[in-house]
Amino acid sequence: VSTSTLPLLPATGSPLLAAARPDLAAHVRHNGPLPSRPDPLALLAVVADSGLTGRGGAGFPTGRKLAAVRSASGRPVVVANGAEGEPASAKDALLLTRAPHLVLDGLQLAAHAVGARRAYVYAKASTLGIVRAAVAERQSAGYDAVEMHVVEAADAFVAGEESAVVAALDGGPPRPRDTLQRVTERGIGRRPTLVQNVETLAHLGLIARHGADWYRRNGTPAEPGTFLATVSGAVSAPGVYEAAHGITLRELLTCAGGAGEPLQAVLIGGYHGTWLPLPAHADRALSRTALRPVGASLGAGVVVALPRRECGLAVAARIATYLAGQSARQCGPCLNGLPRMADLLTRLARAERQPALAGEVKRMAGLVEGRGACHHPDGTARFTVSTLRTFADEIQAHLTGTCTAERRAPGVRRTA
Ligand SMILES: Cc1cc2nc3c(=O)[nH]c(=O)nc-3n(C[C@H](O)[C@H](O)[C@H](O)COP(=O)(O)O)c2cc1C
Ligand code: SF4
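A brief look at the structure comes next. In this text, all values refer to a predicted model and were calculated from it rather than measured experimentally. (Residues numbered from 1 in each chain as written. Chains lettered and ligands numbered in written order. Predicted model: local features only at pLDDT ≥ 70, side-chain atom pairs only at ≥ 80, totals over all residues. Heavy atoms only, no water.)

1. Describing the pairing of strand β6 (residues 239–244)
In summary, the side chains of a regular strand alternate between the two faces of the sheet. For β6, the tally of buried residues reaches six of six residues, placing the bulk of the element in the interior. Both faces of β6 are covered, namely the face carrying G239, Y241 and A243 and the face carrying V240, E242 and A244. Here six bridges tie strand β5 (residues 226–233) to β6, and the two strands are oriented antiparallel to one another. Directly across from T230, in β6, lies its bridge partner V240. Linking two consecutive strands that pair antiparallel, namely β5 and β6, is a turn of five residues. (Buried < 20%, exposed > 50% of the residue type's maximum accessible area, 1.4 Å probe, protein only. Helix = DSSP H or I, 4+ residues; strand = E, 2+ residues; numbered from the N terminus. Pairing = 2+ DSSP bridges.)

2. Here we look at the site of ligand 2
As a matter of local geometry, ligand 2 sits amid V158, P176, A328, R329, Q330, C331, C334, G372, A373, C374, H376 and P377. A class-by-class count of the residues in the shell around ligand 2 yields eight nonpolar, three polar and one charged. (Near = heavy atom within 4 Å. Nonpolar A, V, L, I, M, F, W, Y, C, P; charged D, E, K, R; others polar.)

3. Some details on the sheet that holds strand β4 (residues 193–197)
Taking strand neighbours across the sheet as the criterion, the four strands line up as β3-β2-β1-β4 in an open arrangement whose pairing is parallel. Strand pairing shows two members of the sheet lacking a second neighbour, β3 (147–152) and β4, which therefore form its edges. This sheet shows a mean twist of 20 degrees between the axes of neighbouring strands, independent of strand direction. Pairing of strand β1 (residues 77–82) with strand β2 (residues 118–123), which is carried by six bridges, proceeds in the parallel orientation. Note on β2: the bridge partner recorded for V79 is Y120. Packed on one face of the sheet, helix α6 (residues 128–140) meets β2 and β3 and runs near 170 degrees to β3. (Axes fitted to C-alpha atoms, helices over the stretch in contact; angles between N-to-C directions. Contact = heavy atoms within 4.5 Å.)

4. Describing the site of ligand 1
Around ligand 1 lies a shell of 19 residues, among which G56, K65, E162, N197 and T200 are the nearest. Backbone polar atom of G56 to an oxygen atom of ligand 1: 2.7 Å apart, as the coordinates give it. One nitrogen or oxygen atom from the side chain of Q196 is found 3.0 Å from an oxygen atom belonging to ligand 1. The element best represented in the shell around ligand 1 is β4, accounting for three residues. In terms of residue class, the shell around ligand 1 is built from four nonpolar, 10 polar and five charged. (Polar contact = N/O pair within 3.5 Å; in protein donor to acceptor, adjacent residues only side chain to side chain.)

Remember that the coordinates give geometry; whether it matters functionally is a separate question.
Next up, the structure:
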């Protein structure tokens, strides 16, 4: 995915990515200095008023998470999560390399708000050079109150799940732990831990400077602000775009250069996301409120455009196989259920004439849901069920041993 950006917001430009260079001087020149030691409770109030929600996938209200960590017992630790294990996402790496100081400002402010004295940046290898240089630059300028440690994130889909982040920063393998214990209560070194996506922190860095009303000038009243969208697939200008919540799918695809060829569907929310058929959903707004009724969510802002010439079942089978291979192999649904679902989808994609295949995929999806220590099986099940729904006509064609697409699984005949 290329890393172009387009200022979609005439009033403000592209606030997150507007600094000319990633160094501290360019950052301060563009954004102004970090507010010095704001009252922590006032900071919590402004974040809550802004309506900021997490950009790592779940969309949890940031103000509520900050307040929970602040009131937990023990000295908290804060983490900027830049693991970005999702293969179809490029926005966190772009942000960390284009605007590292905005993320680090957010991390410092979050630490100040919850009363932490230790902070981590957990980021993937490709971003570490710029992030380490940015931390060193701030240290030599005496810019920060809270010590920051930069740690390399493992290159794996589940490495950015928050309990896996905690496990890695505790020195163990980056595998999710059971979800019964909230990391906000007991995380790194058994201390209350705030894990926040790097984009969430960058928004926080701007909200602390400009206020809740400024943030609410974009987006919808229920979902204010902008989000970074990674648009890939069959569009003319794939890349990362900053858009206001509520933008329609059609508008976002147009910003990404428009479809280079006829589209049949988009995958919204990444590999744990949902297929939405086109043109039926072209004018659907990209907001949690508008996506929820169709079982979709923006996730970490991923949109993949699927051209009509490509077999959706073959693409979905490849993604399901990838997801099955990415489990931490420590819970039953991941060990048995995910490989089975991937195998069934692969057989469907290869046009095996077995009418029971689709029903069996659905049954397996129901069996794994809610049964893992983390949400990896749930996300995989959601993706798989939406595949059955969106490509129902293609499944019928495959049951006759043929496929309607030009690019299809090896050995499958084109539908006459
Ligand atoms: C399988 C899985 C993978 C995840 N990977 C990431 C990731 O790479 N980066 C991220 O920020 N959040 C990821 N999350 C979400 C985190 O668990 C957590 O909710 C998030 O970092 C919290 O930050 P936010 O509230 O700012 O979104 C993942 C969740 C799951 C279930
Ligand atoms: S559900 Fe899967 S990915 Fe999550 S902890 Fe268990 S084995 Fe690992």
